[in-house]
Amino acid sequence: MGKVIINSDDFGYSNGVNYGIVDAHQQGILTSTTLMANMPGFDHAVKLKKELPDLGVGVHLTLTCGEPLLKNVDSLMDGANFKKLAFYQRPFEIDGDQLYEEWNAQIQKVYHAGIIPTHLDSHHHTHTFGMNQEVVVALAKKYGLPVRGNFEKRAEVRHVDYFEPHFDDVGESIVEKRQINCSVEEYLEGLLEILREEKTVEIMCHTAYIDQLLLNGSSFIYPRVNQVEFLIHSAFAKQVKEDELIEQITYQEL
């Protein structure tokens, strides 16, 4: 039997994102999410989580979106905000101690809000870049948390056996923008086999409803809405629920 964690990133980004995640969990097959401690929807997300005891909530470590929680992290900043993703997509230098302190502050904020995190991952996968890996490993060991295993140093932390990064494509109606090189139907058929055969799997997705903050702040918008519907109403969702060889879990059960 395979155990699957279906995790939606960006909890706390905005109220619309939060509501999409909640509906995909309450009505669909979403089991987990990761919370952005520095974004406008944080308090709203915390309030919603308190009514959802079965929703696993990790920390979505943020380095490329919004403002840092700390003010003495100048190597991470461009003006008042974090540096953009493009900065980290080439050789870069930042102060590792500043990164550790900022990400630690984000984790601490989640704890202080009354949520015990289930795991760590990061916005735009920035925990997978260069020396950032050493920082996330150190924090994972400090708090005893698993980490999304899509990086070179994953052997140093707990992680699932298989990470699926392309599930966003089920919501992408423009074929040219998809990351998969087959039809969605073929992709899903193969994914079901993986869920049955691998011991533990994380499927990453991004569910949301559109609000002004998402519309103004993200380049990835409409596929998020489609993913909410897919996780609730699709034949795939029905199969995951009913298949005796697939068990839905959170990182808490890892």
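What counts, and at which threshold
Residues numbered from 1 in each chain as written. Predicted model: local features only at pLDDT ≥ 70, side-chain atom pairs only at ≥ 80, totals over all residues. Heavy atoms only, no water. UniProt positions renumbered as here; feature names shortened; annotations may be inferred. Helix = DSSP H or I, 4+ residues; strand = E, 2+ residues; numbered from the N terminus. Buried < 20%, exposed > 50% of the residue type's maximum accessible area, 1.4 Å probe, protein only. Contact = heavy atoms within 4.5 Å. Salt bridge = Lys/Arg side-chain N within 4 Å of Asp/Glu carboxyl O. Phe/Tyr/Trp six-rings, centres within 6.5 Å; stacked < 30°, edge-to-face > 60°. Lys NZ or Arg CZ within 6 Å of the ring centre and 35° of its normal. Axes fitted to C-alpha atoms, helices over the stretch in contact; angles between N-to-C directions. Parallel < 35°, antiparallel > 145°, perpendicular 65-115°, else oblique. Nonpolar A, V, L, I, M, F, W, Y, C, P; charged D, E, K, R; others polar. Polar contact = N/O pair within 3.5 Å; in protein donor to acceptor, adjacent residues only side chain to side chain. Pairing = 2+ DSSP bridges. Right-handed = clockwise from strand over helix to strand, strands pointing away.

Going by an unreviewed UniProt entry, the protein chain carries the name Carbohydrate deacetylase and comes from Enterococcus thailandicus. The record in UniProt for the protein chain states the following under Cofactor (unreviewed entry): "Mg(2+)".

## Examining the overall build of the protein chain
Scanning the protein chain from N- to C-terminus turns up nine helices and nine strands. Taken along the three principal axes of its C-alpha coordinates, the protein chain extends 50 × 40 × 40 Å. Every one of the 254 residues in the protein chain was classed for burial, and the buried ones make up 57%. Expressed as a percentage of contacts within the protein chain between residues at least 6 apart in sequence, the contacts between residues at least 24 apart total 69%.

## Some remarks on helix α2 (residues 42-49)
For an α-helix, the turn length of 3.6 residues means that residues three or four places apart are oriented alike. Burial analysis of α2 places six of its eight residues in the buried class, the great majority of the element. Listed as buried for α2 are Phe-42, His-44, Ala-45, Val-46, Leu-48 and Lys-49. Check the buried side of α2 and you find it contacts β1 (2-11), α1 (15-26), β2 (32-35), β3 (56-61) and α4 (96-112).

## Describing the pattern of salt bridges
Taken as a whole and assessed by the stated rule, the structure comprises eight salt bridges. Put simply, Glu-202 and Arg-148 hold a salt bridge, and the shortest N to O gap is 2.7 Å. On the criterion of sequence distance, the pair formed by Glu-202 in strand β8 (residues 200-205) and Arg-148 in the loop between α5 (132-143) and β7 (162-164) is long-range, its members being 54 residues apart. The same class applies to Glu-202 as to Arg-148, namely buried. Residue Arg-196 is joined to Glu-193 by a salt bridge in which the shortest nitrogen-to-oxygen separation is 2.6 Å. A residue pair is termed a helical-turn pair when its members lie 3 or 4 positions apart in one helix, as Arg-196 and Glu-193 do in helix α6 (residues 184-197) at three residues. Glu-193 sits in the partly exposed class, given a relative accessible area of 35%. Overlapping salt bridges bring together Asp-9, Asp-121, Arg-148 and Glu-202 as one network.

## Concerning unusual backbone geometry
Backbone geometry places His-124, a non-glycine residue, at a positive phi of 60 degrees. With respect to the helices and strands, His-124 occurs in the loop between β6 (120-122) and α5. Residue classification places His-124 among the partly exposed residues on the basis of a relative accessible area of 35%. Positive phi, close to 60 degrees, is recorded for His-125, a residue that is not glycine. In this structure His-125 comes out as partly exposed when scored by relative accessible area, which is 24%.

## Concerning the packing of aromatic side chains
The geometry of an aromatic ring pair is captured by two quantities: the separation of the ring centres and the angle between the planes. The full count for this structure, using the stated rule, is seven aromatic pairs. Seen from their ring centres, Phe-87 and Phe-92 are 6.1 Å apart, and the 50 degrees between their planes marks the pair as tilted. Each of the two residues, Phe-87 as well as Phe-92, counts as buried. One Lys or Arg, Lys-83, reaches over the ring of Phe-87 and ends 4.7 Å from the middle of that ring. Over the aromatic face of Phe-42 sits the side chain of Lys-109, whose NZ or CZ is 4.5 Å from the ring centroid.

## Some thoughts on the packing of helix α8 (residues 222-233) against helix α9 (residues 235-242)
Taken N-terminus to C-terminus, the directions of α8 and α9 make an angle of 45 degrees; their axes are 5 Å apart at the nearest point. The pairing of α8 with α9 is recorded here as oblique in orientation. Counted together, Phe-230, Leu-231, Ile-232 and His-233 of α8 and Ala-235, Phe-236 and Ala-237 of α9 form the full contact between these two elements. A breakdown of the residues in the contact of α8 with α9 according to their chemical character gives six nonpolar, one polar and no charged.

## A closer look at the environment of Thr-250
Here Thr-250 shows up in the segment after β9 (246-248). When the C-alpha positions of Thr-250 and Asp-97 are compared, they lie 31 Å apart, and in sequence the two are 153 residues distant. Leaving out residues up to four positions away in the same chain, Thr-250 has contacts with Ile-5, Thr-31, Asp-54 and Gly-56. Reaching out from Thr-250, the side chain makes a polar contact with the backbone nitrogen of Gln-252 at a distance of 3.1 Å.

## Some thoughts on the pairing of β1
With nine of its ten residues buried, β1 lies for the most part within the structure. Sheet analysis places β1 next to β9, joined by three bridges and oriented parallel. Looking at β9, one finds that Gly-2 is bridged to Ile-246. Inspection of the sheet shows β1 paired to β8 by six bridges, in the parallel sense. Across the sheet, Ile-6 pairs through a bridge with Ile-203, a residue of β8. Alignment of β1 against β2, held across three bridges, turns out to be parallel. Across the sheet, the residue bridging to Ser-8 is Thr-33, located in β2. A crossover links β1 with its parallel partner β2, the connecting element being α1, and its sense is right-handed.

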